[in-house]
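The primary structure of each chain is shown beneath.
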Amino acid sequence: MTDDLVLIEVAGRRLITEARCPHRKGRLRFAHVDEQTLRIRCQLHYSTFDLRNGEIVTGPACTPLRVVTHLGDADGDTSGATGRE
């Protein structure tokens, strides 16, 4: 998307988050996304964040991951879309 934001499509959902991990600024475009738990894990120091709310789940202590917006379902349904910032 941009240098500051990354689009994530997982489990039929589309959302935008900040592009760098809040811990040490690892690039999240290379992160592992778990469809079952809706979590993203930074490859730099393995901080894991819940994609529903940005809260850190495991890894080094840091601020939450900023989840900018939920764009709705991957099929284009935006009825459940919310903006967070």
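Our structure's up above, just so we're on the same page.
Please read all numbers here as calculations on a predicted model, not as lab measurements.

Caption draft 1: Spotlight on the side chain of E18. Topologically, E18 is positioned in strand β2 (residues 13-18). For E18, which is buried and forms no salt bridge, the nearest opposite charge comes from R66, at a distance of 4.9 Å. Among the polar contacts listed, one links the side chain of E18 to the backbone nitrogen of R66, at a separation of 2.7 Å.

Caption draft 2: Highlighting the sheet that holds strand β5 (residues 48-50). Pairing in this open sheet of 4 strands is antiparallel, and the strands run β3-β4-β5-β6 from one edge to the other. The sheet terminates laterally at β3 (32-34) and β6 (56-58), the two strands that pair on one side only. On average, adjacent strands in this sheet sit at an angle of 30° to one another, irrespective of strand direction. Judged from the 3 bridges that link them, β3 and strand β4 (residues 39-41) form a sheet pairing that is antiparallel. Its bridge partner lying in β4, H32 is registered against R41.

Caption draft 3: Up close: the side chain of D50. Relative to the helices and strands, D50 is located in strand β5. Here the side chain of D50 touches R52 through a polar contact of 2.8 Å, landing on its backbone nitrogen. If sequence neighbours within four positions are ignored, D50 has contacts with L38, R39, E55 and V57.

Caption draft 4: A look at the pattern of salt bridges. Under the defined criterion, the tally for this structure stands at 1 salt bridge. For D50, the salt bridge is made with R52, and the minimal N-O distance between the two is 3.1 Å. Relative accessible area serves as the criterion here: at 11%, D50 is assigned to the buried category. Look at R52 and you get partly exposed, because its relative accessible area is 37%.

Caption draft 5: Structural context of unusual backbone geometry. A positive phi angle, close to 65°, is found at K25, a residue other than glycine. On the secondary structure map, K25 appears in the loop between β2 and β3. Under the relative-accessibility criterion, K25 is labelled partly exposed at 48%. The phi angle at L38 is positive, at roughly 55°, despite the residue not being glycine.

Caption draft 6: Inspection of the environment of T48 at higher detail. With respect to the secondary-structure elements, T48 resides in strand β5. With sequence-adjacent residues up to four places away left out, T48 is seen in contact with R39, I40, R41, E55, I56, V57 and T58.

Caption draft 7: Summary view of the pairing of β2. In terms of strand pairing, strand β1 (residues 5-10) meets β2 through 6 bridges, oriented antiparallel. Residue L7 lies in a different strand from β2, and its bridge partner there is I16. Here β1 hands over to β2 after 2 residues, with A11 in that stretch at a positive phi of 50°.

Reading guide: rules and limits
In this numbering scheme, every chain counts its residues from 1 along its sequence in written order. Confidence filtering applies because this is a predicted model: local features only for residues at pLDDT of at least 70, side-chain atom pairs given and counted only at 80 or more, and all residues used for totals across whole chains, interfaces and linings. Side-chain calculation: all heavy atoms of the structure are included, whereas hydrogens and water are not. For helices the rule is a DSSP run of H or I covering at least 4 residues; for strands it is a run of E covering at least 2, with both sets numbered from the N terminus onward. Note on exposure labels: buried denotes an accessible area under 20% of the residue type's maximum, exposed denotes more than 50%, and partly exposed covers the range between, all computed with a 1.4 Å probe on protein chains only. Asp and Glu count as negative and Lys and Arg as positive, but His and the ends of the chain are not part of the count. Whenever a carboxyl oxygen of Asp or Glu lies within 4 Å of a side-chain nitrogen of Lys or Arg, that contact is scored as a salt bridge. Two N or O atoms form a polar contact when they lie within 3.5 Å of each other; inside protein one atom must be a possible hydrogen donor and the other a possible acceptor, and for residues adjacent in sequence the pair counts only when both atoms belong to side chains. When DSSP finds at least two bridges between two strands, those strands are taken to pair. Axis angles are defined between N-to-C directions and span 0 to 180 degrees, where every axis is a line fitted to C-alpha atoms and, for a helix, only to the segment in contact. Whether two residues are in contact is decided by their heavy atoms: any pair within 4.5 Å suffices.

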